[in-house]
Amino acid sequence: METEKKLLAAREAERRKIAREIHDGSAQSLAAILLRLDLMAAENLSNNPEEIRRELQQIKEIVQDCLNEMRQILFDLKPVRENISLLSVMEDFFADIKAKYGFIVEFKTKGIPQIYPVYMQTAIFRLVQEAVNNSRKHAGVSKVQIILSESKEQLEILIEDQGSGFDTNRAFINENRFGIAGMQERVDLLEGRMKIQSKPGAGTQILIEIPLKGRN
Ligand SMILES: Nc1ncnc2c1ncn2[C@@H]1O[C@H](COP(=O)(O)OP(=O)(O)O)[C@@H](O)[C@H]1O
Ligand SMILES: [Mg+2]
């Protein structure tokens, strides 16, 4: 596929992912709030302040969840800054994740990654972001290890957690999940390779190789 088509495909995958997140999260919360308000309006609660207070408390909790989900989506959408090293972009993200969720990213580098063209920095960062978010959301662990190694020929990213693991065949065929599919699209765009090793109960290991020859 030519680059333009790949870019388009990656963008479409990203849009589907965001749409799915809004659909599963905030949109569902808002629908639940509406339903509760309808019920309240239908019942005659004027003589029951205790019931009104209880209902309002529950609605408040749903609004709070909704707000958290919204903030999560906005946080993930933050654009990758230009003209700064990939390292600092990642370190900022890891610090945010730690502050927000207490989730630890153990990060090591071999060789010093350079400043790549912005489309590459963005793609690489989004790959790492999705993998870290997946370990945080799905693996049931409190940390993930990342090793970034740069050589003349390629950039290698190894992301590993000791969590619940999953059936990779299933995850790939699930039409409603776009995170890993989006990672694959980005890797294709960079003409790289991605290998995911995971089994239920046995943790997850993702190896991404991105060729650098002729890029810098
Ligand atoms: N590190 C991981 N540990 C355990 N399960 C995972 C991990 N990464 C992905 N999964 C599983 O694969 C599914 C698909 O992941 P993904 O495509 O990123 O979609 P999403 O994160 O939106 O669910 C997840 O729903 C989860 O069940
Ligand atoms: Mg995901």
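Heads up: the structure comes first, above all this text.
Residues numbered from 1 in each chain as written. Chains lettered and ligands numbered in written order. Predicted model: local features only at pLDDT ≥ 70, side-chain atom pairs only at ≥ 80, totals over all residues. Heavy atoms only, no water.

Remarks on the overall build of the chain
Consideration 1: Along the backbone of the chain there are seven helices and five strands.
Consideration 2: Ordered by position from N to C terminus, the α and β elements of the chain give α-α-α-α-β-α-β-β-α-α-β-β.
Consideration 3: For the chain, the C-alpha atoms occupy an extent of roughly 75 × 35 × 35 Å along the three principal directions.
Consideration 4: With 216 residues in all, the chain has 39% of them scored as buried.
Consideration 5: By sequence separation, contacts in the chain at least 24 residues apart represent 70% of the contacts at least 6 residues apart.
Consideration 6: Here the chain has roughly 13,100 Å² of accessible surface; of this, 53% comes from carbon and sulfur atoms.
Consideration 7: Considering the chain, the positive charge centre built from 31 side chains and the negative charge centre built from 32 side chains are found 3 Å apart. (Helix = DSSP H or I, 4+ residues; strand = E, 2+ residues; numbered from the N terminus. Buried < 20%, exposed > 50% of the residue type's maximum accessible area, 1.4 Å probe, protein only. Contact = heavy atoms within 4.5 Å. Areas by Shrake-Rupley, 256 points an atom, 1.4 Å probe, with all protein chains shown as cover. Lys, Arg positive; Asp, Glu negative; His and termini not counted. Charge placed at Lys NZ, Arg CZ, Asp CG, Glu CD.)

Some details on the environment of Met183
Consideration 1: Structurally, the position occupied by Met183 is in helix H7 (residues 179-189).
Consideration 2: Met183 sits in the buried class, given a relative accessible area of 1%.
Consideration 3: Remark: the alpha-carbon pair of Met183 and Glu130, spanning 53 residues in sequence, is separated by 7.4 Å.
Consideration 4: Excluding residues within four positions of it along the chain, Met183 makes contact with Leu127, Glu130, Ala131, Met194, Ile206 and Ile208.

Structural notes on the pattern of salt bridges
Consideration 1: Scanning all chains against the criterion turns up 10 salt bridges.
Consideration 2: The closest approach of N and O atoms between Arg186 and Glu14, which form a salt bridge, is 3.3 Å. A residue pair is termed long-range when its members are at least 10 positions apart, and Arg186 in helix H7 and Glu14 in helix H1 (residues 3-24) qualify at 172 residues.
Consideration 3: What makes Arg186 buried here is its relative accessible area of 14%. (Salt bridge = Lys/Arg side-chain N within 4 Å of Asp/Glu carboxyl O.)

Describing the sheet that holds strand S1 (residues 104-110)
Consideration 1: Read from one edge to the other, the open sheet built from five strands follows the order S1-S2-S3-S5-S4, with strand pairing classed as mixed. Strands at the two margins of the open sheet, each flanked by one partner only, are S1 and strand S4 (193-198). Taken over all neighbouring pairs, the strand axes of this sheet differ in orientation by 10° on average, direction set aside.
Consideration 2: Bridge count between S4 and strand S5 (residues 204-211): six bridges; the pairing is antiparallel. Bridged to Ile196 within S5 is Ile206.
Consideration 3: Along the sheet face, helix H4 (residues 86-101) touches S1, strand S2 (143-150) and strand S3 (154-161) and points at about 165° away from the line of S1. (Pairing = 2+ DSSP bridges. Axes fitted to C-alpha atoms, helices over the stretch in contact; angles between N-to-C directions.)

What to know about the side chain of Glu150
Consideration 1: Of note, Glu150 is situated in strand S2.
Consideration 2: One buried charge, Glu150, has no salt-bridge partner; the nearest side chain with opposite charge is Lys152, at 9.9 Å.
Consideration 3: With near-sequence residues (within four places) excluded, Glu150 lies in contact with Lys110, Gly111, Ile112, Pro113, Gln114, Tyr116, Leu155 and Leu212.

A look at the coordination of the magnesium ion (ligand 2)
Consideration 1: Protein coordination at the magnesium ion (ligand 2) comes from Glu130 (OE) and Asn134 (OD1), with a distance range of 2.0 to 2.1 Å. With Glu130 and Asn134 both in helix H5 (residues 118-138) and four residues apart, this pair spans about one turn of that helix. Pair check on accessibility: Glu130 and Asn134 agree, each one buried. (Donors = N, O, S within 2.8 Å, 3.2 Å for Na, K, Ca; no water.)

Some details on the pairing of S4
Consideration 1: Only one face of S4 is buried: it carries Met194, Ile196 and Ser198, and the other face, with Arg193, Lys195 and Gln197, is open.
Consideration 2: Where S4 folds back on S5, the antiparallel hairpin that results is connected by five residues, among which Gly201 adopts a positive phi of roughly 90°.

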